[in-house]
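# Chains, contacts and geometry: an overview
What follows is the residue order along each chain.
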Amino acid sequence: MAERVGASRRSVLLDTETTGLDPGKGDRVIEVAAIELVNLIPTGNFLHELIDPEREVPEDAVRIHGMTTEMLRGKPRFAEILPKLEEFLGADPIIAHNAPFDFGFLDAELRRAGRPALDRARMVDTLAMAKARFPGLANNLDALCRRYGIDNSMRTSHNALLDVKLLAQVYLELMGGRQPGLGLTARRVAPVSAAAADGPARPRTPRPIVPSEAELAAHAAFVGRLKEPLWLLPPFAPPAS
């Protein structure tokens, strides 16, 4: 099983590429990628598999992800990578962009393999999160990368592994972002001097600010031009000479 880190919160980011848009019409999964998050941060553990869909890949799909029938011929079938996928997913939340799409395709593949569908309680849809935060705006992965200043220049076509790596950064921002300076270790501040480090600080010498006669006269002239100035009312009024 995938390793759990203490009581930390584990989740899995997932993406699929497919031969089309409708598993009900025979479209199949051709690529699946997943990366592990612990407390929203990628741990470095990932799963990536290319899959023989056991059918032709239409040209429309090739234009999106660049993977042809010939490229996938001889790759393992979905049923062959399923034990590895189930082990990696564990029982943790599954995060995906437009998650109902990925869940629908995985459910179709799971049915073919005689396995139960994924529990929808595990589904976290970052597209729904983005729409709630940015209503009326484009919220595809490219648009979110631009909005959050995430470099997606290498994304010239859809690629499941690259997409989940980008989505990990987007998801972190959607969840509130990484706050610099909130490290787990306290910052060490160097002492001002060796003497300060070796013993108690010496008492500070008071340095009262005493106005000159000219400054007092200028202030009195200014206050004299005010109507009922506060400084001349009790308890601020100076004592009678």
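Residues numbered from 1 in each chain as written. Predicted model: local features only at pLDDT ≥ 70, side-chain atom pairs only at ≥ 80, totals over all residues. Heavy atoms only, no water.

## Here's the deal with the UniProt feature "binding site: substrate" (unreviewed entry) in the chain
UniProt tags Asp15, Glu17, His65 and Asp163 as "binding site: substrate" (unreviewed entry). A maximum C-alpha distance of 12.5 Å is found for the annotated residues, which run over 149 residues; spatially they form one tight group. Looking at the element boundaries, Asp15 is found in strand β1 (residues 10–18). Setting aside residues up to four positions removed in sequence, Asp15 forms contacts with Glu31, Val32, Ala33, Asp102, Asn159, Ala160, Asp163 and Val164. Following the sequence through the fold, Asp163 ends up in helix α7 (residues 160–174). When near neighbours in sequence (up to four residues on either side) are disregarded, Asp163 contacts Asp15, Glu17, Leu141, Arg155 and His158. (UniProt positions renumbered as here; feature names shortened; annotations may be inferred. Helix = DSSP H or I, 4+ residues; strand = E, 2+ residues; numbered from the N terminus. Contact = heavy atoms within 4.5 Å.)

## Some details on the pattern of salt bridges
Between side chains of opposite charge, a pair can form as their charged atoms come close. Applying the stated criterion across every chain yields a total of 13 salt bridges. A salt bridge links Glu36 to Arg10; the nearest nitrogen and oxygen atoms lie 2.5 Å apart. Taken together, the positions of Glu36 in strand β2 (residues 29–38) and Arg10 in strand β1 put the pair 26 residues apart, joining distant regions of the chain. For Glu36, a relative accessible area of 2% gives the class buried. (Salt bridge = Lys/Arg side-chain N within 4 Å of Asp/Glu carboxyl O. Buried < 20%, exposed > 50% of the residue type's maximum accessible area, 1.4 Å probe, protein only.)

## Digging into the pairing of β1
Burial of β1 is extensive: nine of the nine residues sit out of reach of the surface. Neither face of β1 is open: one carries Arg10, Val12, Leu14, Thr16 and Thr18, the other Ser11, Leu13, Asp15 and Glu17, and all of them are buried. The pairing of β1 with β2 spans nine bridges and is antiparallel. Pairing of Asp15 across the sheet is with Ala33, part of β2. Where β1 lies against strand β4 (residues 94–96), two bridges are found, and the strand directions are parallel. Paired with Leu13 across the strands is Ile95, a residue of β4. (Pairing = 2+ DSSP bridges.)

## Overview of the UniProt feature "binding site: a divalent metal cation" (unreviewed entry) in the chain
Feature annotation in UniProt places "binding site: a divalent metal cation" (unreviewed entry) on Asp15, Glu17 and Asp163, given in this structure's numbering. The exposure class of Asp15 is buried, given its relative accessible area of 12%. Taking the relative accessible area as the measure of exposure, Asp163 reaches 5% and is therefore buried.

## Focus on the packing of aromatic side chains
The geometry of an aromatic ring pair comes down to the distance between the two centres and the angle between the two planes. Counting across every chain of the model gives two aromatic pairs. Between the aromatic rings of Phe101 and Phe105, the centroid separation amounts to 4.9 Å while the plane-to-plane angle is 50°, which identifies the pairing as tilted. Here Phe101 pairs with Phe105, and both are found in helix α4 (residues 99–112), just four residues apart, close to one helical turn. Given a relative accessible area of 1%, Phe105 falls into the buried group. Arranged with centres 6.0 Å apart and planes meeting at 65°, the rings of Phe134 and Tyr148 form a pair that is edge-to-face. (Phe/Tyr/Trp six-rings, centres within 6.5 Å; stacked < 30°, edge-to-face > 60°.)

## Quick notes on the packing of helix α5 (residues 126–133) against α7
Two elements in contact, α5 and α7, have axes whose closest approach is 11 Å; the angle formed by their N-to-C orientations is 45°. Between α5 and α7, the angle is such that the two are oblique. The handedness of the crossing between α5 and α7 comes out as left-handed. Side by side, α5 and α7 meet where Thr126, Met129, Ala130 and Arg133 of the first sit next to Leu167, Tyr171, Glu173 and Leu174 of the second. Partitioned by chemical class, the residues of the contact of α5 with α7 number five nonpolar, one polar and two charged. (Axes fitted to C-alpha atoms, helices over the stretch in contact; angles between N-to-C directions. Parallel < 35°, antiparallel > 145°, perpendicular 65-115°, else oblique. Left-handed = near helix turned anticlockwise from the far one by under 90°. Nonpolar A, V, L, I, M, F, W, Y, C, P; charged D, E, K, R; others polar.)

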